Amino acid sequence: MIRRPLNLALLAVLAATALAATLAKTSNQAGQLASLSTTSNVESAALYCAGLGASGSPAGRVVFFNTADHPRTLGVRVDANGALSKVRSIVLAAHATTSVTPTGPGHWYGVSAVTNGGGVVADVLNESGTASVPCVDAGYTNWYASGLSTTVGARAYVVLYNPSATAAVTNVTLFTPSGFSAPASFQGISIGAHDVVALNLNAPAIDVANIGVHVRVLRSSVVVTAVQESGLVTTFSPGSVGPTTVTWFPRVTTSNGAIAQVRVANPSASTATVTATIGLAPFQPAPETITVAPYTTGVITVTPNSAVPAHGYAVVRVRASAAIVAGLVTGTSSGVGLSAPNPPASVYLVSDFTGRGFDAVSATNTGTRPLTLAVSVIGSKAPPRTLSVAVGATVNLRPLVGAFRGRSIVIESLRPDLIVTATLPTRPAGVVMFAPLYGG
C-alpha cells in the first residue's frame, strides 16, 4: 500500500469558500479543490515521526503546526530504544506551532501524536534546522531509498520506528555498485511495541558511495527514515514507497562549487537504462544516460559536469527502462546531503519552521494538461492567488508570496500532477533541499 508523508486533505481550515470562489474564475472544476475541506472534521488523526537521536546521533526536535482555525489537543508520546515511553498532553492554538525535543535514556527516538481533529501537521528538524523530514500518518510495509553513503567521513542509518502496541518484523536488503546484499543481522529484525531500531549501514557496507535500501515489513507496519551524516552535513530522507520509471527533480543546483548527483538503485532483475534530461534554459545540455545492472546502483552527475553550465537551477527528469529508485545528493566538498523525490500530488504545504525563509520554491506540472494552482497563506485573510502552469513547466512561486520567511504556504491543484520543491538559503545556492509536506 502506498503511504504518503501526510494527508494534507486535513487542511480543512484553509478558507475553502474563498478558494473555490477564486478558482471558479479560471476553472469550472473549482469545487474539487473546495472538497478538500470535507475531511477537516475528522474526530482524530495520528502522526508518527522518526530519525532523531541522542548524543552522538542527529539530535533535534519535532515541530507541530496547527493549520486549523480552532485549537487542537495533542496526546504526544516519545518512545526510545531500550527506555520507557514519555507521554504528555499539549493544547495547540489555532495557526500555532509547538516543539517537542526528545531527551533522556535511549539513543534513538520515535514520536507519535494523536489529535482531537484534523489540520495538525508535523516535521522533524535537526538542531540547526538544516535537515527536515515530514512526519507520516501511517506506517510502511515496503520502503526504498537510494544514495546513502558510508565512505570515509560518512555514516548512514536506517531508523525503524514501531508506534503500535504489537511487535513488527522486517527484512532489510541493500543494493550497491557491486550487487545485492542481505546481511544476516538485517533479516528477521523484531521491533518491539513502541520501540526504535537504528541500522548502521557502515557495518555491512564499508566505504560504499551509493547504497540502495529496501525495507520489507513482514508483520505489522513501521515508520522509516534514512539518516545520512556526511562531513559537516546531516540530512533526513523520507525515502520512497516503491520503484518507478519516471522521477522528477525540479530544482537541482548547478552553482559553482556545488555538487549535485542523481543516485539510482535498481531493485529489479532487469537491466535499467536510465536517462536524465537536464532542463537549463537557455542552454540545452545533452541527456545523461547510464546503464544499471540488476540489483546494483549507479550515478548521474549533474554538477560539476563539463556538459552542464553553471547557471542556477536545473529541472532534471529521470526516465528508466525498468522501475528504479532515485535519490538526489547535493552539497559541497564539506559534505553532501540526501533527499528523496517529491511525488506528484494535489496539495503541498511549505512551512518556514526555522524562520530562515527559502532560496527557491517552485511548482512543477508533471501532467499532460495545463494545471491551475491556488496559493494561500495560512492565517491570512487575503484570497488565494492563482496561476496556470503549462505542461512540463516549472514556475517560481516567490513572486507570489516573497521569500516565505515565517510563513506557511499551501499550494493546491485540481489534479495530482503537482510537485513543489524548495531549497534553503545557502551559498552556493541550492545545496540544501527542504522536504515539504504533501497529500491528496
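Report on the accompanying structure. (Residues numbered from 1 in each chain as written. Predicted model: local features only at pLDDT ≥ 70, side-chain atom pairs only at ≥ 80, totals over all residues. Heavy atoms only, no water.)

**Description of the overall build of the protein chain**
Logical step 1: A count of helical and extended segments in the protein chain gives three helices and 33 strands.
Logical step 2: A burial count over the protein chain gives 59% of its 440 residues as buried.
Logical step 3: Of all intrachain contacts in the protein chain linking residues separated by at least 6 positions in sequence, the fraction that spans at least 24 positions is 80%.
Logical step 4: As displayed, the protein chain offers around 16400 Å² of accessible surface, 53% of which is attributable to carbon and sulfur atoms. (Helix = DSSP H or I, 4+ residues; strand = E, 2+ residues; numbered from the N terminus. Buried < 20%, exposed > 50% of the residue type's maximum accessible area, 1.4 Å probe, protein only. Contact = heavy atoms within 4.5 Å. Areas by Shrake-Rupley, 256 points an atom, 1.4 Å probe, with all protein chains shown as cover.)

**Details of the side chain of T235**
Logical step 1: The topology assignment puts T235 in strand β17 (residues 233–237).
Logical step 2: Accessibility expressed as a relative area gives 12% for T235, which makes it buried.
Logical step 3: Among the polar contacts made by the side chain of T235, one reaches the main-chain amide nitrogen of L338 at a distance of 3.1 Å.
Logical step 4: Among all residues touching T235, those that are not within four sequence positions of it are A131, A226, V227, Q228, G337 and L338. (Polar contact = N/O pair within 3.5 Å; in protein donor to acceptor, adjacent residues only side chain to side chain.)

**Remarks on the sheet that holds strand β16 (residues 223–230)**
Logical step 1: Here we have four strands laid out as an open sheet, ordered β14-β10-β16-β17, and antiparallel in their pairing. The sheet is open, and its two borders are formed by β14 (195–200) and β17, each paired with just one other strand. In this sheet, neighbouring strand axes are inclined to one another by 20° on average, regardless of whether the strands run parallel or antiparallel. (Pairing = 2+ DSSP bridges. Axes fitted to C-alpha atoms, helices over the stretch in contact; angles between N-to-C directions.)

**Some details on the nonpolar core**
Logical step 1: Grouped together as the largest cluster of nonpolar side chains are 61 residues, with contacts concentrated most on F64, V158 and V213.
Logical step 2: With six residues, strand β10 (residues 154–162) is the largest single contributor of residues to this core.
Logical step 3: Listed in part, the 28 residues of the second largest apolar core include V350, V361, L373 and L387. (Core = buried A, V, L, I, M, F, W, Y, C linked by side-chain atoms within 4.5 Å.)

**Here's the deal with the pattern of salt bridges**
Logical step 1: This model, assessed by the stated rule, comprises two salt bridges.
Logical step 2: Two residues, R77 and D79, come together in a salt bridge whose shortest N-O distance is 2.8 Å.
Logical step 3: Among the residues examined, R77 registers a relative accessible area of 25% and is labelled partly exposed.
Logical step 4: Look at D79 and you get buried, because its relative accessible area is 0%.
Logical step 5: As a salt-bridge pair, D417 and R415 come within 3.2 Å of each other at their nearest N and O atoms.
Logical step 6: The exposure class assigned to R415 is buried, which follows from its relative accessible area of 14%. (Salt bridge = Lys/Arg side-chain N within 4 Å of Asp/Glu carboxyl O.)

**Focus on the state of the cysteines**
Logical step 1: Using the criterion set out here, one finds one disulfide in the structure.
Logical step 2: Two residues, C49 and C135, share a disulfide whose sulfurs are 2.1 Å apart. With the S-S dihedral at roughly 110°, the linkage between C49 and C135 falls on the right-handed side. Within this pair, whereas C49 is found in strand β1 (residues 45–53), its partner C135 is found in the loop between β8 (132–134) and β9 (142–148), the two being separated by 86 residues in sequence. (Disulfide = S-S within 2.5 Å.)

**Some words on the environment of A205**
Logical step 1: Tracing the sequence through the fold places A205 in the loop between β14 and β15 (211–219).
Logical step 2: For A205, a relative accessible area of 4% gives the class buried.
Logical step 3: Excluding residues that lie within four positions of it along the chain, A205 makes contacts with T150, L174 and I211.

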